[in-house]
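# Structural overview
Below, each chain spelled out in residue letters.
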Amino acid sequence: MAKLYFHYSTMNAGKSTLLLQASYNYRERGMETFLITARLDNRAGAARIGSRIGIGAEADTFAPGEDLFAKLQARLDQGPLACVFIDEAQFLEPDQVWQLARAVDDLRIPVMCYGLRVDFQGNLFPGSAALLALADEMREARTICHCGKKATMVVRQDDAGTVLRDGDQVQIGGNETYVSLCRVHWRAAMGDR
């Protein structure tokens, strides 16, 4: 039975690595997968999913306003598809999450979404909020804070390492910009919210 999955975590928990490994496992068994990532995140290159450990794969992309049900239907029209993998799922719009749920229900294709749960201010991304509401299964990928506790939050830093408390929700970056922390250390860094 096809399901909509949401694999979530903070930065540097290995979400893209898990996605690429799962897709590899399908393909190793002769089953086709369809990889999609956010068009606005090109840190690994345009239309590419990359992991900080050095593995990557070419992918299609999604953009705001794009109909993902139609995209998946068009891909299915080209041949069999065992699973869809979506990286940077926090950038999905709520309507796009509904389109993915419809694809799971009507096209009977499993869709596995990987993304951040919250932004640097501790707020849910709209795509993540919709996935938390609609996903059939949710799985947390874990990473640790510098203290050894589970990291559930992330702070954004400027070039000098100063923690930023304000700014746009979306700013593409990696280790140079974001640090994953437990809630205690996030609160301390953000001024004890």
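Right above here is the structure, for reference.
This text gives an overview of the structure that appears in the document. Because the structure is predicted, anything quoted here is derived from the model rather than measured.

Turning next to the overall build of the chain. Counting secondary structure elements, the chain contains five helices and eleven strands. Relative to its length of 193 residues, the chain is compact, with a C-alpha radius of gyration of 17 Å against a globular reference of 16 Å. Once the C-alpha set of the chain is aligned to its principal axes, its extents read approximately 50 × 30 × 30 Å. Within the chain, the fraction of its 193 residues that count as buried is 49%. Taking the contacts inside the chain whose residues are at least 6 apart along the sequence as the reference set, 76% of them involve residues at least 24 apart.

Before going further, it helps to spend a moment on the sheet that holds strand 7 (residues 111-116). One open sheet holds the six strands; their spatial order is 5-2-6-7-1-8, and the pairing between them is parallel. On the outer flanks of this sheet lie strand 5 (60-62) and strand 8 (137-140), each paired with one strand and no other. For this sheet the average axis-to-axis angle between neighbouring strands, irrespective of direction, equals 25°. Where strand 6 (residues 83-86) lies against strand 7, three bridges are found, and the strand directions are parallel. Note on strand 7: the bridge partner recorded for F85 is M112. Sheet strands in contact with helix 4 (residues 126-134) are strand 1 (4-9), strand 7 and strand 8, and its direction is about 130° off that of strand 1.

This part takes up the pairing of strand 2 (residues 33-38). The buried fraction of strand 2 amounts to six of the six residues, a majority that puts the element mostly inside the structure. Sheet topology places strand 2 next to strand 6; four bridges connect them, and they run parallel. The partner of T33 across the bridge, within strand 6, is C83. Relative to strand 5, strand 2 runs parallel, the two sharing three bridges. Paired with T37 across the two strands is T61, which belongs to strand 5.

So, how was this worked out
- Residues numbered from 1 in each chain as written.
- Predicted model: local features only at pLDDT ≥ 70, side-chain atom pairs only at ≥ 80, totals over all residues.
- Heavy atoms only, no water.
- Helix = DSSP H or I, 4+ residues; strand = E, 2+ residues; numbered from the N terminus.
- Rg over C-alpha atoms; globule rule 2.2 N^0.38 Å.
- Buried < 20%, exposed > 50% of the residue type's maximum accessible area, 1.4 Å probe, protein only.
- Contact = heavy atoms within 4.5 Å.
- Pairing = 2+ DSSP bridges.
- Axes fitted to C-alpha atoms, helices over the stretch in contact; angles between N-to-C directions.

By themselves, these observations are geometric and do not establish any function.
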